[in-house]
Amino acid sequence: MGEFIDIVESRKDEYNEVVSHPLQSFEWGEFRKKTGVRVIRKVLVKNEKIVDGFTLTIHRVPKINLNIGYLPKGNKPTKEILEELVRIGKEENCIFVQLEPNLVNGQWSMVNGFNLRPAAHPLITKYTFVLDLTHSEQELLAAMHSKTRYNIRVAEKHGVKVTEDNSKESFENYLKLIEETTSRQGFYAHTPSYHRKMFETLSQKSNVKNQTSLTYHLLTAKYKNTTLTSWVLFVFHDTLYYPYGASSRENRETMSNNLVAWEAIKFGKKLGLKYFDMWGALGPNPDKNDPWFGFHRFKEGYGPTHTEFVGSFDLIIKPNEYELYKVADKLRWGVLRVLKKFKK
């Protein structure tokens, strides 16, 4: 038998070694603390060795004295982990804890003896695209869609230059592009303050020589000294991630987005990484009218593997309140959709 203990910063490398995704890293937890969210970080210790762990965030339900727990991209939810989450959920007055295991479909099934069910409102898509970076550049180019290869050449012929630039000036340009992109496409997005805290917390610790730490990198594409595209990349363990990106409506004919993606791939290879997780995709046979279809098709053009995870699950702590919450949440999102239509 083991015991769960709080993790301290002096053991953060040990903690990072047993988790598998940036959203479970010690550094991400530090960033989330700065956004005002309560962070609970636990490790399972057996024979004085850390063998498992998780980072859980606690979120207040508006207007009532109840909370929701959120555990994104965690390890396999074992009986020991679930028992600890139930204990914390009761202690933190949670209605439920949402789990999003970082496991490919088929690697896990729900554990008996717990009030666990498919999530009523998943927060992260269960699909992504993953590119194998162990192939040569020639092999990777050959596996791309012909239109993608063509657009990369177009960007190069226009003289678009892509560099890693983690300066404050580069970040401010990224923020401007984020605001422009979300305004143009009408998506819900994190606030500038959220992105600023992320940059301030993570970019200052970006030492890629220590891959047990989460590192943050800004890749920017410039055309005639104007930033057209800016991507945030994470490096964690053996994988490169593309969680955020933004682009200008200007000079779209330069195809700067395509060149940034190709340079990101080469960046990952240069670091000796094995995989490039493009952070989200639609499901099989996606609807062309889906607002995310353009992003899906763009990523698909690079020849990655379409990967399905096990999905999201709600570990219910308060069954009666959970049923009421589902109704209220459905109404809330219905109102937001109506308001969004009126803004168009």
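1. Details of the pattern of salt bridges
Here the structure, examined in full by the defined rule, presents 17 salt bridges. Across the pair Glu 91 and Arg 87 runs a salt bridge whose closest N-O atoms are separated by 3.3 Å. Taken as a pair, Glu 91 and Arg 87 lie in helix H3 (residues 79-91) at a separation of four residues, close to a single helical turn. One network of salt bridges, with partners in common, ties together Lys 12, Asp 13 and Glu 27.

2. A word on the sheet that holds strand S7 (residues 127-132)
An order of S8-S9-S10-S11-S12-S7-S13 is seen for the seven strands of this open sheet, with the pairing classed as mixed. Taken across any chain shown, the strands that pair with only one partner, and hence form the sheet edges, are strand S8 (161-164) and strand S13 (305-308). Averaged over all neighbouring strand pairs, the angle between strand axes comes to 30 degrees, with direction disregarded. Here nine bridges tie strand S9 (residues 215-223) to strand S10 (residues 226-236), and the two strands are oriented antiparallel to one another. Within the sheet, the bridge partner assigned to Thr 220 lies in S10 and is Ser 230. Docked against the sheet, helix H7 (residues 192-202) engages S9, S10 and strand S11 (239-247), running at close to 115 degrees with respect to S9.

Cut-offs used in this document
Residues numbered from 1 in each chain as written. Predicted model: local features only at pLDDT ≥ 70, side-chain atom pairs only at ≥ 80, totals over all residues. Heavy atoms only, no water. Salt bridge = Lys/Arg side-chain N within 4 Å of Asp/Glu carboxyl O. Helix = DSSP H or I, 4+ residues; strand = E, 2+ residues; numbered from the N terminus. Pairing = 2+ DSSP bridges. Axes fitted to C-alpha atoms, helices over the stretch in contact; angles between N-to-C directions. Contact = heavy atoms within 4.5 Å.

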